[in-house]
Structures are given as structure tokens and as C-alpha cells.
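Chains, contacts and geometry: an overview
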Amino acid sequence: MELIIIFGLLVIVMFVFKRFDSFVYSVAAIDIFFRIVHFLKNNIASPELQKFVTNNFPASIPSLIDKHTYGVFNEVLIWAYVINFIILEIYIIKALIEK
């Protein structure tokens, strides 16, 4: 279910913005959100919060991919994820150089 929601969000972003860089930024933003939520889970001592986060949020996009896929398809998705972050890094470096 988590995977369907993430891909649904990404498709909506692509249809709304219709630019490749919007897709790249949205993947990064979703992954950063998941990582922040899990950081908070690990550093706040509330058992209710820990249980809620564990049940409803994946730790990151790679953990979500690993949970729902296996084999060659898993490798392809992980490499697509890595390539997405390489492209994001290029966009960030371009922005820094331009300023």
C-alpha cells in the first residue's frame, strides 16, 4: 500500500508540474521526509509515536523498494533511485555555481 501511495504522489507531481526536475525534487523530498520521521521516532521516547511511525512510514525509499520487490526489478529500482540522487546533486551544484 505504501508503494502505491508513493508512486501515486510522484505521478501527481509529474502531471501538475510536467517537468523532470520536479520529479527529481519530489523523490528527494519524500525520502528526506521519511528519514526525518524515523530520526524523530528514534530520538523521542514516546512508545505511541514509535509504534505509529513504525507501522505507517517506511524508513526510506530504498527500504520501501526492498520491502515490496526482489531480484532484478529491485536492482533496477535501486539504481533508478541512485541515478535520481545523482541528477539531484547535479541540479544543486548548478544552482550553487549560478549564484
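Residues numbered from 1 in each chain as written. Predicted model: local features only at pLDDT ≥ 70, side-chain atom pairs only at ≥ 80, totals over all residues. Heavy atoms only, no water.

Further remarks concern the overall build of the protein chain. Counting its regular elements, the protein chain contains 5 helices and 0 strands. Written out in order from the N terminus, the α and β elements of the protein chain read α-α-α-α-α. A buried classification covers 31% of the 99 residues belonging to the protein chain. For the protein chain, the accessible surface area stands at approximately 7,100 Å², while carbon and sulfur atoms represent 73% of it. (Helix = DSSP H or I, 4+ residues; strand = E, 2+ residues; numbered from the N terminus. Buried < 20%, exposed > 50% of the residue type's maximum accessible area, 1.4 Å probe, protein only. Areas by Shrake-Rupley, 256 points an atom, 1.4 Å probe, with all protein chains shown as cover.)

Structurally, F15 can be placed in helix α1 (residues 2–17). Using a relative accessible area of 61% as the deciding quantity, one classes F15 as exposed. As a C-alpha pair, F15 and H68 span 53 residues in sequence and 25 Å in three-dimensional space.

Turning our eyes to something else, we now look at the confidence of the model for the protein chain. When pLDDT is averaged along the protein chain, the result is 85; 94% of the residues meet or exceed 70. Summarising per-element confidence for the protein chain, the mean pLDDT is lowest in α1 (71) and highest in helix α5 (residues 71–98) (92). (pLDDT = per-residue confidence, 0-100.)

All right, on to the nonpolar core then. Ranked by size, the top nonpolar core spans 9 residues in total: L10, V27, I30, F34, I61, I65, L77, I78 and Y81. Of all the secondary structure elements, the ones that give two or more residues to this core are α2 (20–43), α4 (61–68) and α5. When near neighbours in sequence (up to four residues on either side) are disregarded, L77 contacts I65 and T69. (Core = buried A, V, L, I, M, F, W, Y, C linked by side-chain atoms within 4.5 Å. Contact = heavy atoms within 4.5 Å.)

Where α2 contacts α5, the axes come no closer than 10 Å and their chain directions differ by 110°. Between α2 and α5, the angle falls in the class roughly perpendicular. Two secondary-structure elements touch here, α2 through F20, D21, F23, V24, Y25, V27, A28, D31 and R35 and α5 through Y81, N84, F85, I87, L88 and Y91. (Axes fitted to C-alpha atoms, helices over the stretch in contact; angles between N-to-C directions. Parallel < 35°, antiparallel > 145°, perpendicular 65-115°, else oblique.)

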